Amino acid sequence: MVSNGAEIDTDILFMRSALAQAREAFQAGEVPIGAVITRDGHLIARAHNQVEQLRDPTAHAEILAITQAAASVGDWRLQGCTLYVTKEPCVMCAGAIVLARISRVVWGCDDPLRGGAISLFPVFQSADLNHRPEWQTGVLADECLALLQDFFRRQRQGKNGNMAEVQGPNPL
């Protein structure tokens, strides 16, 4: 998919917001994935993984953001919305994105082992589904991947994550 310069700048801005959410997840001991949803250039939802905190396997950043966005617009149909997420959605989240009819999805790093959008389970490319969102990958991919790698490295070492050294500017 070809993007124009203004769209690239907008994608970077909102991906930085998703990264801020991912850092919040990191600080809370959650897998650091963050998501934001926009409509007409305005932020309408933001969330990060809360699986451990809520003890809910469905409390992924994308699912929580979709719930907020639906409440914000007063409809479960999220046409005209763009979801920004720091990692390729899993198959559960990809299915929710399709069901919510989100128009566009932008993510940072791909997930070749568990990706549900285009990698392992190419949900977004299925001609059998009633909706196929546009998608863009690789926006701030290095930052998104580094945050995930740092989290899992610390997990293996048995350390609680301290985000002081990886904290970046929060545009919100």
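Residues numbered from 1 in each chain as written. Predicted model: local features only at pLDDT ≥ 70, side-chain atom pairs only at ≥ 80, totals over all residues. Heavy atoms only, no water.

### Some thoughts on the environment of Gly29
So, point 1. In this fold, Gly29 is placed in the loop between α1 (5–27) and β1 (34–39).
So, point 2. Spatially, the C-alpha atoms of Gly29 and Glu52 are 8.0 Å apart, while their sequence positions differ by 23 residues. (Helix = DSSP H or I, 4+ residues; strand = E, 2+ residues; numbered from the N terminus.)

### A look at the confidence of the model for the chain
Should the pLDDT be low somewhere, the predicted coordinates at that spot are not to be read in detail.
So, point 1. Mean pLDDT over the chain: 91, with 89% of residues reaching 70 or higher.
So, point 2. Low pLDDT (under 50) marks residues 161–172, which in the prediction has 23 contacts with non-local residues, meaning those over four places away or in another chain. (pLDDT = per-residue confidence, 0-100. Contact = heavy atoms within 4.5 Å.)

### Quick look at the pattern of salt bridges
So, point 1. With the rule as written, the count across this model stands at seven salt bridges.
So, point 2. Put simply, Arg104 and Asp11 hold a salt bridge, and the shortest N to O gap is 2.8 Å. Residue Arg104 is located in strand β4 (residues 104–109), and its partner Asp11 is located in helix α1; the two are separated by 93 residues in the primary sequence.
So, point 3. Given the relative accessible area of 7%, Arg104 is considered buried.
So, point 4. The exposure class of Asp11 is buried, given its relative accessible area of 2%.
So, point 5. The closest approach of N and O atoms between Arg154 and Asp150, which form a salt bridge, is 3.1 Å. Separated by four residues within a single helix, Arg154 and Asp150 lie in helix α5 (residues 141–157), roughly one turn from each other. (Salt bridge = Lys/Arg side-chain N within 4 Å of Asp/Glu carboxyl O. Buried < 20%, exposed > 50% of the residue type's maximum accessible area, 1.4 Å probe, protein only.)

### Points about the sheet that holds β1
So, point 1. With mixed pairing, the five strands of this open sheet are ordered in space as β2-β1-β3-β4-β5. The open sheet terminates on both sides in strands that have one partner only, identified here as β2 (42–48) and β5 (134–137). With strand direction ignored, the average angle separating the axes of adjacent strands in the sheet is 15°.
So, point 2. Inspection of the sheet shows β1 paired to β2 by six bridges, in the antiparallel sense. Residue pairing in the sheet places Arg39 in a bridge with His42 of β2.
So, point 3. Docked against the sheet, helix α3 (residues 61–73) engages β1, β2 and β3 (81–87), running at close to 145° with respect to β2.
So, point 4. Where α5 meets the sheet, it contacts β3 and β4, and its direction lies at approximately 60° from that of β4. (Pairing = 2+ DSSP bridges. Axes fitted to C-alpha atoms, helices over the stretch in contact; angles between N-to-C directions.)

### Considering the packing of aromatic side chains
Each aromatic ring pair is described using two quantities: the centre-to-centre distance and the angle formed by the ring planes.
So, point 1. By the definition in use, this model includes five aromatic pairs.
So, point 2. Each ring, one from Phe14 and one from Tyr84, has its centre 5.5 Å from the other, and the planes form 35°; the classification is tilted. In this pair, Phe14 is assigned in helix α1 and Tyr84 in strand β3, connecting sequence segments 70 residues apart. (Phe/Tyr/Trp six-rings, centres within 6.5 Å; stacked < 30°, edge-to-face > 60°.)

### Looking at the environment of Arg114
So, point 1. Mapped onto the elements of the fold, Arg114 is located in the loop between β4 and β5.
So, point 2. The exposed category is assigned to Arg114, whose relative accessible area is 54%.
So, point 3. Taking the C-alpha atoms as reference points, Arg114 and Pro89, separated by 25 residues in sequence, lie 8.5 Å from one another.
So, point 4. Aside from chain neighbours lying at most four places away, what touches Arg114 is Cys90, Val91, Leu120 and Phe121.

### Section: unusual backbone geometry
So, point 1. Despite not being glycine, Asp40 shows a phi value in the positive range, around 55°.
So, point 2. Checked against the element boundaries, Asp40 lands in the loop between β1 and β2.
So, point 3. Given the relative accessible area of 67%, Asp40 is considered exposed.
So, point 4. The phi angle at Leu140 is positive, at roughly 55°, despite the residue not being glycine.
So, point 5. Mapped onto the fold, Leu140 is located in the loop between β5 and α5.

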